[in-house]
Amino acid sequence: LAKTTQPISMDSYEGQEVNITCSHNNIATNDYITWYQQFPSQGPRFIIQGYKTKVTNEVASLFIPADRKSSTLSLPRVSLSDTAVYYCLVGPFQQGNTPLVFGKGTRLSVIA
Amino acid sequence: DTEVTQTPKHLVMGMTNKKSLKCEQHMGHRAMYWYKQKAKKPPELMFVYSYEKLSINESVPSRFSPECPNSSLLNLHLHALQPEDSALYLCASSQTIPESSYNEQFFGPGTRLTVL
């Protein structure tokens, strides 16, 4: 399984764009990149998943360069409620699989 | 209904007790998971069930015994636990045949277990 490396923590002011980068140098051809958000004492919540280039949904964007050895989760205009731990996962997607191994996570603190 | 429910929310048990954690989903998902999460650590995969059959056991001690009685229910039977087993136990489910361009796990709120 591809190992992931993320910053342990980040701070941001409200209203700013936050970019969290995940490194996954040994990503396999059939691996997808998935990000989850977790608040204290709650289960993780899916944010976004992608394979290459750029994926955007209503809450975030995911940028994946051509070599796929890293990815960046972009959160536009964060608010205090975005304070959480963000996990990057890398693993197979086809045939019903989904990435299962969580990285160490990035603790994002949003400051007013 | 996109919810995974877990009961109980909190559980305190002694090292000689037998207890069970329950997880339920009605999304038609045929893959279900148990994770263990210690404080300030990421969730660690314990077991994976696919079509009600155990497909992955991440070398979990036998004092944890999973069971999948039907496609909506997942249990985790606990016996002779140790204090270091105290943690948040998370259940999740996902599709086995994705219906869109992505496949996500839906997590329950977890059971906070304390072993005395």
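All of these numbers come straight from a predicted model, not from anything done at the bench.

J.: What exactly am I supposed to notice about the overall build of chain B here?
T.: Looking only at helices and strands, chain B has 0 helices and 11 strands in total. The C-alpha atoms of chain B give 14 Å as radius of gyration, which agrees with the globular expectation for 116 residues (13 Å, within 12%). Each principal axis of the C-alpha atoms in chain B carries an extent, and together these give about 45 × 25 × 25 Å. In chain B, 56% of the contacts between residues at least 6 apart in sequence involve partners at least 24 apart.

J.: Sorry, what's going on with the interface of chain A and chain B here?
T.: How big an interface is tends to be reported as the loss of accessible area on association of its parts. Contacts between the two partners involve 20 residues from chain A, matched on the other side by 26 residues from chain B. In this structure, the connection of chain A to chain B is made through 0 salt bridges. Where the side of chain A that touches chain B is concerned, the elements lending two or more residues are strand 3 (31–38) and strand 4 (45–50) of chain A. Classifying every residue of the side of chain A that touches chain B gives 8 nonpolar, 10 polar and 2 charged.

J.: Would you mind going over the state of the cysteines with me for this structure?
T.: Covalent bonding between the sulfur atoms of two cysteines defines a disulfide. Residues and elements named next belong to chain A. Applying the stated rule across the entire model yields 2 disulfides over all chains. Disulfide pairing is shown between Cys22 and Cys88; the S-S distance is 2.2 Å. When the S-S torsion is -80°, as for the bridge of Cys22 with Cys88, the disulfide is left-handed. Of this pair, Cys22 sits in strand 2 (residues 18–23) while Cys88 sits in strand 8 (residues 84–92), and the two are 66 residues apart along the sequence. Each of the two residues, Cys22 as well as Cys88, counts as buried.

J.: Got a minute to help me understand the side chain of Thr4 of chain A in this structure?
T.: With respect to the helices and strands, Thr4 of chain A occurs in the segment before strand 1 (9–13). Those residues in contact with Thr4 of chain A that sit more than four places away from it in its chain are Cys22, Ser23, His24, Cys88, Val90 and Gly103 of chain A.

J.: Mind showing me how you'd approach the environment of Arg30 of chain B here?
T.: Residue and element names in this part refer to chain B. Among the secondary structure elements, Arg30 is positioned in the loop between strand 3 (18–25) and strand 4 (31–37). For Arg30, a relative accessible area of 30% translates into the label partly exposed. Ignoring sequence-local partners within four residues, the contact set of Arg30 consists of Tyr49, Ser50, Tyr51, Glu52, Ser71, Ser94 and Thr96. Engagement of the side chain of Arg30 in a polar contact is seen with the side chain of Glu52, the distance being 2.9 Å.

J.: Any chance you could explain the sheet that holds strand 1 (residues 4–7) of chain B here in plain terms?
T.: Strands in a sheet are paired, the pairing made by backbone hydrogen bonds, and the direction either parallel or antiparallel. Residue and element names in this part refer to chain B. Ordered by their spatial adjacency, 4 strands build an open sheet running 1-3-8-7, and the pairing between neighbours is antiparallel. Either end of the sheet is taken by a strand with one partner, and the two such strands are strand 1 and strand 7 (64–70). Here the average twist between neighbouring strands, direction ignored, is 20°. Pairing of strand 3 with strand 8 (residues 73–79) involves 7 bridges; the strand directions are antiparallel. The residue of strand 8 that forms the bridge with Ser20 is His77.

Conventions and cut-offs
Residues numbered from 1 in each chain as written. Chains lettered and ligands numbered in written order. Predicted model: local features only at pLDDT ≥ 70, side-chain atom pairs only at ≥ 80, totals over all residues. Heavy atoms only, no water. Helix = DSSP H or I, 4+ residues; strand = E, 2+ residues; numbered from the N terminus. Rg over C-alpha atoms; globule rule 2.2 N^0.38 Å. Contact = heavy atoms within 4.5 Å. Salt bridge = Lys/Arg side-chain N within 4 Å of Asp/Glu carboxyl O. Nonpolar A, V, L, I, M, F, W, Y, C, P; charged D, E, K, R; others polar. Disulfide = S-S within 2.5 Å. Buried < 20%, exposed > 50% of the residue type's maximum accessible area, 1.4 Å probe, protein only. Polar contact = N/O pair within 3.5 Å; in protein donor to acceptor, adjacent residues only side chain to side chain. Pairing = 2+ DSSP bridges. Axes fitted to C-alpha atoms, helices over the stretch in contact; angles between N-to-C directions.

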